[in-house]
Amino acid sequence: MDAEDTCEKYAGEAVEPAKLSQTPLKLDARGLIPVVVQQWDTGEVLMVAWANQEAVRLTFETGTTWFWSRSRQELWNKGATSGNTQQLRRVLVDCDSDTLVYEVDSPGPACHTGHRSCFFRQLVG
């Protein structure tokens with residue numbers, strides 16, 4: 001992840017740098033943090049997943065997204081099986097350090113159903 005590849009604003013505001021080593025993430029009781037995954041250039045919300053410290057570390061090290069599967073109880077590299085890996089562009093952390101946004105370049109479907117986004121259904125009243 002290169003500083004040149006990142007946009008310096010988010011939601012119309014300047015982004016403040018926060019080093020991972022100096023920003024303790026607030027994990028839940030299971031040691032997890034929610035991650036919203038967005039397409040970097042369109043802002044599409046592709047998916048929401050969970051990460052533990054190891055998944056966050058691997059995401060930074062490899063430049064691809066890693067998560068913790070709550071159902072399988074194991075780490076997974078998104079797209080490693082399907083070929084639809086998500087290339088990391090930048091990571092945003094919220095004001096409470098308890099939620100992350102991964103801005104990615106996701107060339108293929110992000111959803112296990114084959115849809116571009118996991119958010120392809122609209123609830124109606």
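Higher on the page you've got the structure.
Conventions adopted
Residues numbered from 1 in each chain as written. Predicted model: local features only at pLDDT ≥ 70, side-chain atom pairs only at ≥ 80, totals over all residues. Heavy atoms only, no water. Helix = DSSP H or I, 4+ residues; strand = E, 2+ residues; numbered from the N terminus. Rg over C-alpha atoms; globule rule 2.2 N^0.38 Å. Buried < 20%, exposed > 50% of the residue type's maximum accessible area, 1.4 Å probe, protein only. Contact = heavy atoms within 4.5 Å. Areas by Shrake-Rupley, 256 points an atom, 1.4 Å probe, with all protein chains shown as cover. Lys, Arg positive; Asp, Glu negative; His and termini not counted. Charge placed at Lys NZ, Arg CZ, Asp CG, Glu CD. Pairing = 2+ DSSP bridges. Axes fitted to C-alpha atoms, helices over the stretch in contact; angles between N-to-C directions. Arc of directions from axis to C-beta. Core = buried A, V, L, I, M, F, W, Y, C linked by side-chain atoms within 4.5 Å.

A.B. asks: How should I be thinking about the overall build of the protein in this particular structure?
C.D. replies: Counting its regular elements, the protein contains one helix and eight strands. Secondary structure of the protein in N-to-C order comes out as β-β-β-β-α-β-β-β-β. Taken against the 2.2 N^0.38 rule, which gives 14 Å for 125 residues, the C-alpha radius of gyration of the protein at 14 Å falls within 12% of a compact globule. Overall, the protein is about 35 × 35 × 30 Å in size when its C-alpha atoms are taken along their principal axes. A buried classification covers 34% of the 125 residues belonging to the protein. Partitioning the contacts of the protein with sequence separation of at least 6, the portion at a separation of at least 24 is 46%. When the accessible surface of the protein is summed, it comes to about 8000 Å², and 51% of that surface belongs to carbon and sulfur atoms. Of the side chains in the protein, 12 bear a positive and 17 a negative charge, and the two mean positions are spaced by 6 Å.

A.B. asks: How do you make sense of the sheet that holds strand S8 (residues 100-105) when you look at a structure like this?
C.D. replies: Pairing between sheet strands relies on hydrogen bonds along the backbone, with the strands arranged either parallel or antiparallel. Ordered in space as S4-S3-S8-S7, the four strands form an open sheet in which the pairing is mixed. The open sheet has two free edges, formed respectively by strand S4 (45-51) and strand S7 (87-93), since each of these has just one partner strand. Averaged over all adjacent pairs, the angle separating strand axes in this sheet is 25 degrees, with direction ignored. Direction of pairing for strand S3 (residues 33-39) relative to S4: antiparallel, over a ladder of six bridges. Bridge assignment links Val-37 to a residue of S4, and that residue is Met-47. Strand contacts of helix H1 (residues 53-62): S4, S7 and S8, with the helix running at about 35 degrees to S8, the strand carrying the most contacts.

A.B. asks: What's the story with H1 in this structure? I'm lost.
C.D. replies: Note on helix geometry: an α-helix contains 3.6 residues per turn, so any two residues three or four positions apart are oriented the same way. Those residues of H1 that sit buried are Ala-55, Val-56, Leu-58 and Thr-59. Angularly, the buried residues of H1 cover 165 degrees about the axis, an arc narrow enough to put them on a single face. Residues of H1 that are buried sit in contact with S4, strand S5 (66-69), strand S6 (74-77), S7 and S8. Following H1 by one or two positions, Gly-63 has its phi on the positive side, about 75 degrees.

A.B. asks: Where do I start with the nonpolar core in this structure?
C.D. replies: A general feature of soluble globular proteins is that nonpolar side chains tend to end up buried together. Core analysis: the largest hydrophobic core is formed by 18 residues, its most contacted members being Val-35, Val-37, Met-47, Ala-51, Phe-67, Leu-100 and Tyr-102. At the level of secondary structure, the elements contributing two or more residues to this core comprise S3, S4, H1, S5 and S8. No other element matches the four residues that S4 contributes to this core.

A.B. asks: Explain the pairing of S8 here, please?
C.D. replies: Across a regular strand the side chains alternate sides, sitting on one face of the sheet and then on the other. Along S8, five of the six residues are buried, which leaves the element largely enclosed by surrounding structure. Two strands pair when backbone bridges link them, and S3 and S8 are joined in this way by five bridges, in the parallel orientation. Across the sheet, Val-37 pairs through a bridge with Tyr-102, a residue of S8. Taken together, the six bridges between S7 and S8 define a ladder with antiparallel strand orientation. Opposite Val-91, over in S8, you have Tyr-102 as the bridge partner. Between S7 and S8, which follow one another and run antiparallel, lie six residues, and Ser-97 among them has a positive phi close to 60 degrees.

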